[in-house]
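Examination of the molecular architecture
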Amino acid sequence: MNQDIKLGISLYSFSTEYIQEKLDLEGILKKARDMGYKGVEIVAAQMVPEYPYPSDEWLAYFKDLLAKYELEPVCWSAYIDMGIRSDRDLTEDEIVQFTVNDLIYAKKAGFPMVRTQHAISPAIFRKMVPYCEELGVKLTIEMHHPHHPEVPVWKEYFEIMANEGKGWLGFVPDFSIFQTMPHQLYLNQAIEFGCREDKLAEIVELHRQKADISVVENGDYNDIEKHTAAEMFEKFSAPAKIEQIKDFLPYAFYMHGKFYYLKNAEHDETIPYEEIVTTVRDLGYKGYIASEYEGHHFDDTVDSARQLDRFVKMMTKILNS
């Protein structure tokens, strides 16, 4: 069993059950523990009462729950609400202050790391170094589709991580950047929106063959099918290169095992997990990969727990291969 890579879970994966009040926070943590997850990421704006200023009483309650279920606090996921005012976006100084606030409360909750969003420009990111050093909390940005290592702003972020931010500023690669095909729930939704099953299958095959989108644009397809094809070809035709992992691994403090739907506990048909995870493992990554199930964006009737159980079994199999 690989001991360097641990399996964590973003509690956001249980959004459907939490929003529909089928599970409370303790119920989610118990399920995560029972499935074999070891570490926790919490999306503070979703599950932390009174965020961004939670009470000491709630923070103590949460820490007690983590101890009860033997779960490690891994990442406090922050939210920068650029629309908190109706008349303007937040200023740079306000973003800095909100981010410092998240660092403070993450530390109080026992988290070693905060994950923030792209409202953190490279200039603001650089300004956070002394606060991270003073509080002893790392700050990361998520690299999420459609971003990838070749996007110019990410070259700026990496430069900061490698120099003045070394050891304190990093990033969270989300495996959506490696997605090559649409998942089943996406296809189901496309049919609900008006795609014909046989035509959708043709579009998927054309995409798989790397055909030109003009074949669909000039073919016998309805407007919904053409729109779906355009979206599919744009989203899934230029994934990040897995061989680039070695270049940015030193700055990856944490990773998001994004997935949308697993038919079984063996294989993800849309994201090349076997290649990603074995590459990361063989390069010597030490840290958490957290499951982040987001199929609920497409179908909230799917059982999140069943999906998450399949994921942890699939990952265990890959890590031990």
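For the structure given in this document, a descriptive report is provided here. Residue positions are given per chain, counting from 1 as you read along its sequence in written order. Local features in a predicted model are, by the rule used here, given only for residues with pLDDT of at least 70; side-chain atom pairs are given and counted only at 80 or more, and totals for whole chains, interfaces and linings are based on all residues. Calculation of side-chain values draws on the structure's entire complement of heavy atoms; hydrogens and water are dropped beforehand.

1. A short note on the overall build of the protein
- The helix and strand tally for the protein stands at 15 helices and 8 strands.
- By its C-alpha atoms, the protein is 60 × 45 × 40 Å across when sized along the principal axes.
- Here's how the labels work: a residue is buried when its accessible area is under 20% of the maximum for its type, exposed when over 50%, partly exposed in between, all with a 1.4 Å probe on protein chains only. In the protein, which comprises 321 residues, the share counted as buried stands at 52%.
- Within the protein, residue pairs in contact and separated by at least 24 positions form 80% of the contacts whose partners lie at least 6 positions apart.
- Shrake-Rupley sampling with a 1.4 Å probe provides the accessible areas, and residues are treated as covered by the protein chains on show and by no other component. Looking at the protein as shown, the accessible area adds up to about 14800 Å², and 49% of this sits on carbon and sulfur atoms.
- Two residue types count as positive, namely Lys and Arg, and two as negative, namely Asp and Glu; His and chain ends fall outside the count. Here the site of a charge means atom NZ of a Lys, CZ of an Arg, CG of an Asp or CD of a Glu. With 34 positive and 54 negative side-chain charges, the protein shows a spacing of 5 Å between the two charge centroids. Counting from the N terminus, the helices are the DSSP runs of H or I reaching at least four residues and the strands are the DSSP runs of E reaching at least two. Every residue pair with non-hydrogen atoms within 4.5 Å of one another is taken to be in contact.

2. With respect to the nonpolar core
- By size, the foremost hydrophobic cluster in this structure holds 88 residues, and its most contacted members are Leu29, Trp76 and Tyr273.
- In terms of residue count, helix 15 (residues 304-319) provides more of this core than any other element does, 8 residues in total.
- Setting aside anything within four residues of it in sequence, one finds Leu29 in contact with Leu11, Val40, Phe62, Leu65, Leu66, Tyr69 and Leu71.
- Here, nonpolar core refers to any group of buried Ala, Val, Leu, Ile, Met, Phe, Trp, Tyr and Cys residues whose side-chain atoms link them within 4.5 Å. Grouped together as the second largest cluster of nonpolar side chains are 15 residues, Tyr186, Ala190, Val216 and Met232 included.

3. Here we look at the packing of helix 9 (residues 184-193) against helix 12 (residues 223-236)
- Helix axes are fitted only over the stretch in contact, all axes being lines through C-alpha atoms; the angle between N-to-C directions runs from 0 to 180 degrees. Two elements in contact, helix 9 and helix 12, have axes whose closest approach is 10 Å; the angle formed by their N-to-C orientations is 160 degrees. By the angle between their directions, the pair helix 9 and helix 12 is classed as roughly antiparallel. Of the two possible hands of crossing, helix 9 and helix 12 adopt the one that is right-handed. Between helix 9 and helix 12, the residues in contact are Tyr186, Leu187, Ala190 and Phe193 and Ile224, Thr228, Glu231, Met232 and Phe236, respectively.
- Residue composition of the contact of helix 9 with helix 12, by class: 7 nonpolar, 1 polar and 1 charged. Every angle not falling under 35 degrees, over 145, or within 65 to 115 is termed oblique; those three ranges are roughly parallel, roughly antiparallel and roughly perpendicular. Two helices cross in a left-handed way if the nearer one is turned anticlockwise from the farther one by less than a right angle. They cross in a right-handed way if the turn is clockwise. Amino acids outside the nonpolar list (Ala, Val, Leu, Ile, Met, Phe, Trp, Tyr, Cys, Pro) and the charged list (Asp, Glu, Lys, Arg) are all regarded as polar, and Gly is one of them.

4. Describing the pairing of strand 5 (residues 138-143)
- Of all 6 residues that make up strand 5, 5 are buried, and the element is covered over most of its length.
- Here, strands pair whenever DSSP counts at least two bridges between them. Relative to strand 5, strand 4 (residues 113-116) runs parallel, the two being bridged by 4 bridges. Counted as the bridge partner of Arg115 is Thr140 from strand 5.
- A clockwise course of the path from the first strand over the helix to the second, judged with the strands pointing away from the viewer, identifies a crossover as right-handed. The handedness of the strand 5 to strand 6 (residues 169-173) crossover, carried by helix 8 (residues 152-162), is right-handed.

5. Observations regarding helix 10 (residues 197-208)
- Taking 1.5 Å per residue, 12 residues should reach 16 Å; helix 10 reaches 16 Å between its end C-alpha atoms and fits that length.
- Along helix 10, the residues classified as buried are Lys199, Leu200, Ile203, Val204, Leu206 and His207. Angularly, the buried residues of helix 10 cover 160 degrees about the axis, an arc narrow enough to put them on a single face. The outward face of helix 10, more than 90 degrees from its buried face, is lined by the exposed residues Glu197 and Arg208.
- Buried positions along helix 10 lie against helix 9, helix 11 (214-217) and helix 12.
- In the stretch just after helix 10, Lys210 is the one whose phi turns positive, near 60 degrees. A helix is expected to reach a length of 1.5 Å times the quantity of its residues less one. By arc we mean the arc of the directions from the helix axis to the C-beta atoms, nothing more.

6. Topic: the layout of surface pockets
- Of the pockets and cavities examined, the largest pocket occupies roughly 320 Å³.
- Lining the largest pocket we find 16 residues, and of these Arg115, Gln117, Glu142, His144 and Glu292 sit closest to its centre.
- Every element with two or more residues in the lining of the largest pocket is listed here: strand 4 and strand 5.
- Its residues assigned to classes, the lining of the largest pocket shows 6 nonpolar, 5 polar and 5 charged.
- Put simply, the second largest pocket is a space of about 220 Å³.
- Looking at the second largest pocket, it is lined by 14 residues, and the ones nearest its centre are Pro182, Gln184, Leu187, Glu269 and Thr270.
- Of all the secondary structure elements, the ones that give two or more residues to the lining of the second largest pocket are helix 9 and helix 10.
- Here the residues of the lining of the second largest pocket are counted per class, giving 6 nonpolar, 4 polar and 4 charged. The pocket and cavity definitions rest on a 1 Å grid over protein atoms only: a 1.4 Å probe that fits but cannot leave marks a cavity, an open set with protein on both sides within 12 Å along at least five of seven lines marks a pocket, and residues lining either have an atom within 4 Å of a point. Grid points are joined across faces, edges and corners, and a volume is the space filled by probe spheres set on the points.

7. Quick notes on the pairing of strand 4
- Neither face of strand 4 is open: one carries Met113 and Arg115, the other Val114 and Thr116, and all of them are buried.
- With helix 5 (residues 92-109) bridging strand 3 (residues 72-77) and the parallel strand 4, this β-α-β connection has right-handed handedness.

8. A closer look at the side chain of Arg281
- Counting through the fold element by element, Arg281 comes out in helix 14 (residues 273-282).
- Within the local environment of Arg281, its side chain forms a polar contact with the backbone oxygen of Ser321, the two atoms lying 2.9 Å apart. In the analysis that follows, any N or O atom pair within 3.5 Å is treated as a polar contact, provided that within protein one partner can donate a hydrogen and the other can accept it, and provided that, for residues neighboring in sequence, both atoms belong to side chains.

9. Quick look at the sheet that holds strand 8 (residues 287-293)
- Pairing within the open sheet is parallel, and its 8 strands lie in the order 6-5-4-3-2-1-8-7. Both outer strands of the open sheet, strand 6 and strand 7 (255-259), are each paired with one neighbouring strand and no more. Shown here is a sheet whose adjacent strand axes are inclined to one another by a mean of 30 degrees, direction ignored.
- Relative to strand 8, strand 1 (residues 5-10) runs parallel, the two being bridged by 5 bridges. Note that in strand 8 the partner of Gly8 across the bridge is Ala290.
- Sitting on the sheet, helix 5 touches strand 3, strand 4 and strand 5, and the angle it makes with strand 3 is about 165 degrees.
- Along the sheet, helix 14 makes contact with strand 1 and strand 7, crossing strand 7 at roughly 170 degrees.

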